[in-house]
Amino acid sequence: MHWGWTLFTLCLSASLVTSYTNDVSSAISGERYDEDLFIRPLLDGRVATTFTFTTDLLEDVPRDSESPGQHYTLFPLTLGQILKEYSIAELHLTLNSGKWNYDHWGYPDDPSVGTGAELWTWMADGPPSTVDERWTGLRNALAGLFCASLGSLDMRRTSSPSTVFPISFSPSTSHALRYANLPSENVCTENLTPFMKLLPCKSHAGLATLLNPQRIFDADWHGLSIHLRSTERGTELKLGVQAVFDPVRLSGGRRRDWSFRSLFDRIIHNSCSVAASSVVRVQVPDSESHTLSPVSIVDDNATVTYNLMSQTPLDVSMSWPHEHTFQYPHVHRSRLTPLSIQRTLHGSSQIHGLLFIALTNNGYHDLVVGYFENLPALVTLWMHTMKIKVDGMERDELISNVSYRPHQVLANGQKSPSTFQAILTVPAASTLHLSMEISRAFLKYTEHPPDAMRGWDLPPAILFPVCEPAMGICDMQNTSTDIRGRMYTPTLLIDLPTPDFSMPYNVIIFSCTLITLIFGSIFNLLTRTWVVVRVED
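Residues numbered from 1 in each chain as written. Predicted model: local features only at pLDDT ≥ 70, side-chain atom pairs only at ≥ 80, totals over all residues. Heavy atoms only, no water.

Its boundaries defined by the atoms lining it, the largest pocket holds a volume of some 850 Å³. What lines the largest pocket is a set of 30 residues, and nearest its centre among them are R156, L378, L443, E447 and W456. Looking at the lining of the largest pocket, its residues break down into 10 nonpolar, 10 polar and 10 charged. What the second largest pocket holds in volume is close to 630 Å³. Taken together, 33 residues line the second largest pocket, and the ones lying closest to its centre are H92, D110, P111, H227 and R486. Of all the secondary-structure elements, those providing two or more residues to the lining of the second largest pocket are β2 (47-57), β3 (88-97), β7 (221-230), β8 (235-245) and β23 (462-465). (1 Å grid on protein atoms, 1.4 Å probe; cavity = no way out; pocket = protein on both sides within 12 Å on 5 of 7 lines; lining within 4 Å. Points joined across faces, edges and corners; volume = space filled by probe spheres on them. Nonpolar A, V, L, I, M, F, W, Y, C, P; charged D, E, K, R; others polar. Helix = DSSP H or I, 4+ residues; strand = E, 2+ residues; numbered from the N terminus.)

Let us look at the sheet that holds strand β9 (residues 258-259). In spatial order, the strands read β9-β13-β11; together these three strands make up an open sheet with antiparallel pairing. The strands lining the two open edges of the sheet, one partner per strand, are β9 and β11 (291-293). Two elements, β11 and strand β13 (residues 317-319), share three bridges in a ladder whose sense is antiparallel. Residue pairing for β13: S293 is matched across the bridge by S317. (Pairing = 2+ DSSP bridges.)

So, about the pairing of strand β17 (residues 379-390). Here β17 pairs with strand β21 (residues 431-440) via eight bridges, running antiparallel. Bridge pairing in β21 places L381 opposite I438. Taken together, the two bridges between β17 and strand β18 (residues 393-394) define a ladder with antiparallel strand orientation. Bridge assignment links K389 to a residue of β18, and that residue is E394. In this structure, the hairpin formed by β17 and β18 is closed by a connection of two residues, where D391 is found at a positive phi of approximately 55 degrees.

Turning to helix α5 (residues 189-196), a few remarks are in order. Within α5, burial applies to N191, L192, P194, F195 and M196. Considering only its buried residues, α5 is in contact with β3, α4 (131-146), α6 (213-216), β7 and β8. (Buried < 20%, exposed > 50% of the residue type's maximum accessible area, 1.4 Å probe, protein only. Contact = heavy atoms within 4.5 Å.)

Residues F260 and V280 are the most contacted members of the largest nonpolar core, which totals 75 residues. Sort the elements by how many residues they give to this core and α4 lands first, with seven residues. The next biggest cluster of nonpolar side chains, apart from the first, holds 57 residues, and it includes W122, V390, L398 and F420. (Core = buried A, V, L, I, M, F, W, Y, C linked by side-chain atoms within 4.5 Å.)

Now for the state of the cysteines. For the structure shown, the criterion picks out one disulfide. Note on cysteine connectivity: C201 is disulfide-linked to C272, with sulfurs 1.9 Å apart. Sign of the S-S torsion, about 75 degrees for the bond between C201 and C272, identifies this disulfide as right-handed. Linking C201 in the loop between α5 and α6 with C272 in the loop between α8 (260-264) and β10 (277-283), this pair joins segments that are 71 residues apart in sequence. A residue is classified by how much of its surface remains accessible, and C272, at 0% relative accessible area, is buried. Its sulfur unpaired, C147 is 8.3 Å from the next cysteine sulfur, which belongs to C188. (Disulfide = S-S within 2.5 Å.)

Attention shifts here to the confidence of the model for the chain. Here the chain shows a mean pLDDT of 85. Residues at 70 or above account for 88%. Counted against residues more than four places away or in other chains, residues 5-27, with its pLDDT under 50, gives one contact. Scored below 50 in pLDDT, residues 469-479 makes 14 contacts in the model with residues more than four places away or belonging to other chains. (pLDDT = per-residue confidence, 0-100.)

Tallied over the entire structure, the rule returns 15 salt bridges. Where R343 meets E373, a salt bridge forms, and the shortest distance between an N and an O atom there is 3.0 Å. One end of the pair, R343, is in strand β14 (residues 339-346); the other, E373, is in strand β16 (residues 366-375), with 30 residues separating them in the sequence. Judged by relative accessible area, which is 0%, E373 ranks as buried. Here the salt bridges do not stand alone but share partners, grouping D44, R46, D218, D220, D246 and R249 into one network. (Salt bridge = Lys/Arg side-chain N within 4 Å of Asp/Glu carboxyl O.)

Mapped onto the secondary structure, S149 falls in the loop between α4 and β5 (158-159). Overall, the relative accessible area of 35% leaves S149 in the partly exposed class. In this structure the C-alpha to C-alpha distance between S149 and S184, which are 35 residues apart in sequence, comes to 9.7 Å. Among residues more than four places away in sequence, those in contact with S149 are L182 and E185.

In this structure, N96 sits in strand β3. Note on N96: relative accessible area 2%, which makes it buried. Looking at N96, its side chain comes within polar contact range of the main-chain oxygen of S112, at 3.1 Å. When near neighbours in sequence (up to four residues on either side) are disregarded, N96 contacts S112, V113, G114, T115, G116, E185, V187, W221, H222, G223 and L224. (Polar contact = N/O pair within 3.5 Å; in protein donor to acceptor, adjacent residues only side chain to side chain.)

Turning our eyes to something else, we now look at unusual backbone geometry. A cis amide bond links S293 with the next residue in sequence, P294, at an omega value of -5 degrees. Locating P294 in the fold gives a position in the loop between β11 and β12 (303-307). For the bond running from T312 to P313, omega is 0 degrees, close enough to zero to count as cis. For C147, which is not glycine, the phi torsion reads 55 degrees and is therefore positive. Along the chain, C147 falls in the loop between α4 and β5. Owing to a relative accessible area of 43%, C147 belongs among the partly exposed residues under this scheme.

Looking at where I216 falls in the secondary structure, it is placed in helix α6. Between the C-alpha atoms of I216 and F264, which are 48 residues apart in sequence, the distance is 7.4 Å. The residues contacting I216, other than those within four sequence positions of it, are L211, H222, A243, F245 and F264.

This is how it looks when you write it as structure tokens:
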């Protein structure tokens, strides 16, 4: 009797497990989840890490707010509702902190490395709502979802540079672009926590277990990204985390050895059960003096791949046993991009100034690139003062297709940003200098932030690849147009005319003191009676 009951229990459990497995397989049959970690040692001793969590929805998400709802298993429900409510065809949001060093670190795996918050999206242009109404609702929805100040990306910072941010597919209906950036936005744990909740396994399994906030936000550069676009198969969502660590700093300035434990203070114990693939890829440096553990086979791309489905727990480490102290390379030998960028503000006046851009071509062929500025109404560019110089000589023929849109007064009294866009040709092994005079705005005292003496952050300029056969750019001899995606300049800190905010407090203190003295004297005269008090012995 006992053995019969045990056999019945085992059969029932097996049937339940089989039924549950079939239900799970049918639930995720239209979705796929992959995760990838790419680790790249850099020439200056740092380590660049890129986490990519990709969720493919094999059927398209409804983009009409009146369409019926849709159920998801792996795809985040909150993002699906946002796509449906605001008719989003393509969405890109990045939150970065720090300055990406193109000369020493090369191109990033995700080109959107501009400092602060950057949001651009393609939305349907049609009823029942306007594009601007959808843009406002989208900003507020993403601000609440990621605990960020995206509500500040109003029309004072919004533009539509469709050449810089083209749509990735050919839509059948009319779509419009909205772009805005907020360079003063910081990235913190409040942004990472809701970000990780969008993952199927959260931070309990898989590569997401390495996302230690204390280590991620201690990196020299770190950023979060959300990329959502429509594809031929359906909808693709890529959630990314990029960080650049400095093992030399962590080791007291001596060695560049690293491991999962030293970078993230964690290791991977188990893989994500719903992931179709989960891999760790490590780029092997050119030198042969390093040691990589666990030992694996190097492929043709000088990359070692670890599969978490069969290799857990996993703690990857790389060391240079014969290197006692790390020696930093020379600056001029370690430039990894064909173009070096400098962007500064000149002038000591609080009213006028000079915007100066220096583009250095590190190659032996001319470079043709696009240049884009999206400046708030804090500054005004004067186009008649624009100068293009190479080796001290003016070269006006190196700039073409200039487009400038000045500030416009909106219906609510605010001003829209000004946009400047042009195509620049940088001669081989030369430095092109672009300069323009600017005027700084005189704000009302109520428009200044609480830390007015710190200054205002200007968003980074963007250099983007250009290839337009109609203008003959792609067919020019000895000319290269390949800069492998967008490149961002550093942000600028501008000092505007600032009133002396201490004067009102000084006046208030002086007035209150004076009123106190006058009132106290009069009050004593009216309420006190002077009498002679005789003191007896």
